[in-house]
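Topology and contacts: notes
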Amino acid sequence: RERARDAIGGGSFDVIVTDPPYGIREAMGSEDDDHDDDDRHEAGGASSYDSPLTKLFYAMGRDRDAGMPLLKVGGRLAAFVPVREGECLEDCLPNLEARVMAGVGVGGG
């Protein structure tokens, strides 16, 4: 995030288009998906079980708290979210806590 910010003079982005590294998540079996939400790190709420997109949201929230938002107010974030057979999109998105922390809503259009 820091290198990306440096590339535009240290500011925030109007738009972020990302395809976080999902290889680990997609290789996981159902046993790995079952975890206790109490396994949260102190800093920013991210867990080792969270998807890369959820971890990005928590990082964005920490940046906002530090006064260095990654995304401008009103900016857009577009991300590839893989959905495996039997899953629904809503269950694959970052949790509400991460969305609120990052200041990012979920919508279309």
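The following refers to the structure shown.

Rules and cut-offs
Residues numbered from 1 in each chain as written. Predicted model: local features only at pLDDT ≥ 70, side-chain atom pairs only at ≥ 80, totals over all residues. Heavy atoms only, no water. Helix = DSSP H or I, 4+ residues; strand = E, 2+ residues; numbered from the N terminus. Salt bridge = Lys/Arg side-chain N within 4 Å of Asp/Glu carboxyl O. Core = buried A, V, L, I, M, F, W, Y, C linked by side-chain atoms within 4.5 Å. Buried < 20%, exposed > 50% of the residue type's maximum accessible area, 1.4 Å probe, protein only.

The next thing to look at is the environment of Val17. Structurally, the position occupied by Val17 is in strand 1 (residues 13-18). For Val17 and Arg76, which are 59 residues apart along the polypeptide, the C-alpha to C-alpha distance reads 8.4 Å.

Right, let's talk about the pattern of salt bridges for a bit. Enumeration over the complete set of coordinates arrives at six salt bridges. Close ionic contact of Glu2 with Arg5 constitutes a salt bridge, the shortest N to O distance being 3.4 Å. With Glu2 and Arg5 both in helix 1 (residues 2-7), this residue pair falls three residues apart, about one helical turn. Where Glu87 meets Arg84, a salt bridge forms, and the shortest distance between an N and an O atom there is 3.2 Å.

This next bit is on the nonpolar core. Grouped together as the largest cluster of nonpolar side chains are 15 residues, with contacts concentrated most on Phe57, Met60 and Leu70. Looking at this core, the elements with two or more residues in it are strand 1, helix 4 (52-65) and helix 6 (96-102). The greatest single-element share of this core, amounting to five residues, is contributed by helix 4.

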